[in-house]
Amino acid sequence: MSHAPAAPKPHGLVAEFLGPGALIEAAKKTRAAGYKKIDAYSPFPVHGLAEAVEFEDPRLQWLIFIGGVVGALVGLGLQAWVSVVDYPVNVGGKPMLSLPAFVPVLFECTVLAASFAAVFGMLGLNGLPRPHHPVFSVPGFDRASQDRFFLVVEAVDPQYDSHETADFLQSLGAESVHEVEDEE
Amino acid sequence: MISNSDMRLPALDKLIPIGFLLGIVGLGAWALGLQQDKLPALQGYFFAWVFWLCMTLGCFVLVLLAHTLRSTWGLAILRLIESGAKLIPVMLLLYLPILLMGMHDIYPWSNPAVVAADKVLQHKSVYLNTSFFLVRLILFFGCWWLMATVLNKLSQKQDATQDWDLAQKRTNIAAPGILFFAITVTFGITDWIMSTDPHWFSTIYAVWFVVGQGLAVASFTTFIITLNCTRKPYCDIVNPKLTRDLGNLMFMFTMLWAYTSLSQYLIIWYGNLPEENTFYLNHTNGGFSAMGAFVVIAQFFIPFVLLLSPKVKRVPAMLCKMAAWIFVIRIIDVYWVVMPTFCTHGPRFLWTDAAAFVGVGGLWLALFAWNLKGKAVLPTFDTRLMEADHA
């Protein structure tokens, strides 16, 4: 970042709505108006909201899948190496490389690695932990975890215009519209 | 208010004449085969009976589950599984040919001559004897029939009266009913299917079967709903959330099936004791080995990987193909479990086996559709399904 005292860059416009239905309606209309960089905040998971903001990010599911595959291979490899190479023990005359016996541990390793990939991948892709976010400066934004619903149009959207977009959000029936600034 | 005529699925009516025709032709042909060669015909009929019994009991156990959980996926399939559960007495009637003509052929322990020469069976005869077997049979079918009838009445009544106390009443019956069913079906499956090989035993066998029943019925109902997803009334309720639920239901049963299959195999394989491992020796004779491997791949690995994908669970046409696949593999799996006890040289391709399967199946499907003729295929008392789209 440059040290010049540049004018603060806007992060985006935050519109407040009273209910989940209003939020979904607004999100759909905002998408329909051509905005692409939008985000939504709600106190509880709202069915259909991810579809309404057209949130699409297949990265996490692939991360989980890769995590599962890696877990399976590591679990299988560990057992095979231990029972065939490192510490072979003859159990009931069974072959050293006895796949059925490996399945339970293989399964557990798959689940463990896949869940680690899910939790830490989710945190990583969301940029969490993150103690502060520009939208927190909206007055009353703490109610996003209680009873209010927020739609954000980010300034990086090519169609973004402080005045026009604010008017547009206002026309969707927003309770209030605030522009928030990006912070260093 | 939703009118009742919108809730019908006339497309299902086509199953009635087709099913009855297949039933008559199939069972007629099978009867001819029975005259020629009694033993293999009876064995083929037994396989057909087991598969469609599994469908019936699968419907029944999902009814119990749906009334206990009161979930939206349960509502979507409720009328379909109720219709299947109504066929419990029909399956008892369809058991008669085996009881009357083939008791000794299918169940060696019922033959005094066999028991006289077999020390193990003599000890088991306290439990495995024909009269006690029949008492249990009548008792189990009677109790299940009664429960299914009461639950169906109460849920039909709620459609008419909109009385929400009835939902609680059904839960009060269904929740302990699951426990009752779990205990009785364990004895039932042991009696009717496991005892075809009376020396062998496995405590997870009935669980394995019930999970398979759930899988078969989940795929069967998912197939009906997704196949008709553009028709009324399903076009109003099929959305990504419902198809994801149905897909996850099949996914869960697929994993549970693999879990129980492996549990049984692993323990027997590890112990490698002569009184236990006969099952897997029988079931890997000749072509049965390849057939078993195929079932593992086709009923676990393929659906497991495909049902992981969110897309398969979102697009009804893809989920429909997945459900059809699982259903067909279920037939092969039941064949693989039931038949090796009778034909020890590998899978056989007998026209009487096919005729019996088509006959019993045709009859089952016809009666299944008959139960729904002119009736709503979705319950109207709970509007969550309709609202899910607009929430």
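Parameters at a glance
Residues numbered from 1 in each chain as written. Chains lettered and ligands numbered in written order. Predicted model: local features only at pLDDT ≥ 70, side-chain atom pairs only at ≥ 80, totals over all residues. Heavy atoms only, no water. Helix = DSSP H or I, 4+ residues; strand = E, 2+ residues; numbered from the N terminus. Rg over C-alpha atoms; globule rule 2.2 N^0.38 Å. Buried < 20%, exposed > 50% of the residue type's maximum accessible area, 1.4 Å probe, protein only. Contact = heavy atoms within 4.5 Å. Lys, Arg positive; Asp, Glu negative; His and termini not counted. Charge placed at Lys NZ, Arg CZ, Asp CG, Glu CD. Salt bridge = Lys/Arg side-chain N within 4 Å of Asp/Glu carboxyl O. Buried area = accessible area lost by both parts, 1.4 Å probe. Polar contact = N/O pair within 3.5 Å; in protein donor to acceptor, adjacent residues only side chain to side chain. Nonpolar A, V, L, I, M, F, W, Y, C, P; charged D, E, K, R; others polar. Disulfide = S-S within 2.5 Å. Patch = residues over 30% accessible without salt bridge, like charges linked within 9 Å, V, L, I, M, F, W, Y side chains within 5 Å. Areas by Shrake-Rupley, 256 points an atom, 1.4 Å probe, with all protein chains shown as cover. Phe/Tyr/Trp six-rings, centres within 6.5 Å; stacked < 30°, edge-to-face > 60°. Domains from an automatic or database assignment. Core = buried A, V, L, I, M, F, W, Y, C linked by side-chain atoms within 4.5 Å.

Draft legend 1. Here's a closer look at the overall build of chain B. For chain B, the helix and strand inventory stands at 18 helices and 0 strands. By the compact-globule yardstick of 21 Å for 391 residues, chain B fits well, its C-alpha radius of gyration being 21 Å. If you line up chain B on its principal axes, its C-alpha atoms span 70 × 40 × 40 Å. Looking at chain B as a whole, 55% of its 391 residues are labelled buried. Contacts spanning at least 24 positions in sequence make up 82% of the contacts within chain B whose residues lie at least 6 apart. One finds the centroid of the 26 positive side-chain charges in chain B at a distance of 6 Å from the centroid of its 20 negative side-chain charges.

Draft legend 2. The arrangement of the pattern of salt bridges in detail. All names here are of chain B. A full pass over the atoms with the stated rule returns 9 salt bridges over all chains. Residue Lys 232 is joined to Asp 236 by a salt bridge in which the shortest nitrogen-to-oxygen separation is 2.8 Å. Using a relative accessible area of 41% as the deciding quantity, one classes Lys 232 as partly exposed. A salt bridge links Arg 330 to Asp 333; the nearest nitrogen and oxygen atoms lie 2.7 Å apart. With Arg 330 and Asp 333 both in helix α16 (residues 316-338) and 3 residues apart, this pair spans about one turn of that helix. By relative accessible area, which is 4% here, Arg 330 ends up buried. Residue class for Asp 333 comes out buried when judged on its relative accessible area of 3%. One connected set of salt bridges, linked through shared partners, spans Arg 79, Glu 82 and Asp 159.

Draft legend 3. Looking closely at the interface of chain B and chain A. With 12 residues of chain B at the contact, the number on the chain A side is 11 residues. Interface of chain B and chain A: buried area, both sides summed, is about 960 Å²; carbon and sulfur atoms make up 77% of it. Applying the counting criterion to the chain B and chain A interface returns 0 salt bridges. At the junction of chain B with chain A, the criterion picks out 2 residue pairs in polar contact (both at pLDDT 80 or more). Per-element accounting of the side of chain B that touches chain A gives the leading share, 7 residues, to helix α12 (residues 240-271) of chain B. Of the residues belonging to the side of chain B that touches chain A, the class tally is 10 nonpolar, 1 polar and 1 charged.

Draft legend 4. Quick look at the environment of Phe 17 of chain A. Residue and element names in this part refer to chain A. With respect to the helices, strands and loops of the structure, Phe 17 is situated in strand β1 (residues 10-17). Each C-alpha atom, one on Phe 17 and one on Ser 98, is 60 Å from the other, the two residues being 81 residues apart in sequence. Every residue in contact with Phe 17, bar those within four places of it in the chain, is listed here: Ala 22, Leu 23, Ala 26, Arg 148, Phe 149, Leu 151, Leu 172, Gly 173 and Ala 174.

Draft legend 5. Spatial organisation of the state of the cysteines. Residues and elements named next belong to chain B. With the rule as written, the count across this model stands at 0 disulfides over all chains. Of all cysteine sulfurs, the one in Cys 54 lies closest to Cys 59, which takes part in no disulfide; the gap is 11 Å. Unpaired in this structure, Cys 143 has its nearest cysteine sulfur neighbour in Cys 59, at a distance of 19 Å.

Draft legend 6. A nonpolar patch on the surface, seen in detail. A cluster of nonpolar residues, Leu 78, Trp 81, Val 82, Val 84, Val 85, Tyr 87, Val 89, Val 91, Met 96, Leu 97 and Leu 99 of chain A together with Tyr 270 of chain B, forms a patch on the protein surface that exposes about 1,200 Å² of accessible area. It is helix α3 (residues 59-86) of chain A that provides the largest number of residues to the nonpolar patch, a total of 5 residues. Counting through the fold element by element, Leu 99 of chain A comes out in helix α4 (residues 99-125). For Leu 99 of chain A, a relative accessible area of 47% translates into the label partly exposed.

Draft legend 7. A look at the packing of aromatic side chains. All names here are of chain B. One pass over the full model with this rule turns up 46 aromatic pairs over all chains. Here Tyr 205 and Phe 279 contribute two aromatic rings whose centre-to-centre distance is 6.3 Å and whose plane-to-plane angle is 85 degrees, an arrangement assigned as edge-to-face. One end of the pair, Tyr 205, is in helix α10 (residues 205-227); the other, Phe 279, is in helix α13 (residues 274-282), with 74 residues separating them in the sequence. Exposure class is identical for Tyr 205 and Phe 279. Each is buried.

Draft legend 8. Looking closely at the domain arrangement of chain A. Segmenting chain A into domains produces domain 1 (10-56 + 132-181) and domain 2 (59-125). Computed over C-alpha atoms, the centres of domain 1 of chain A and domain 2 of chain A are 43 Å apart.

Draft legend 9. Molecular detail of the nonpolar core. Residue and element names in this part refer to chain B. Counting residues in each nonpolar core, the largest one holds 127 residues, and the members touching the most others are Trp 49, Tyr 107, Trp 192, Tyr 205 and Tyr 234. Of all the elements, helix α2 (residues 38-69) adds the most residues to this core, at 21 residues. Apart from residues lying up to four places away in sequence, Tyr 234 is in contact with Leu 9, Ala 76, Leu 80, Ile 224, Ile 225, Asn 228, Cys 229, Val 377 and Leu 378.

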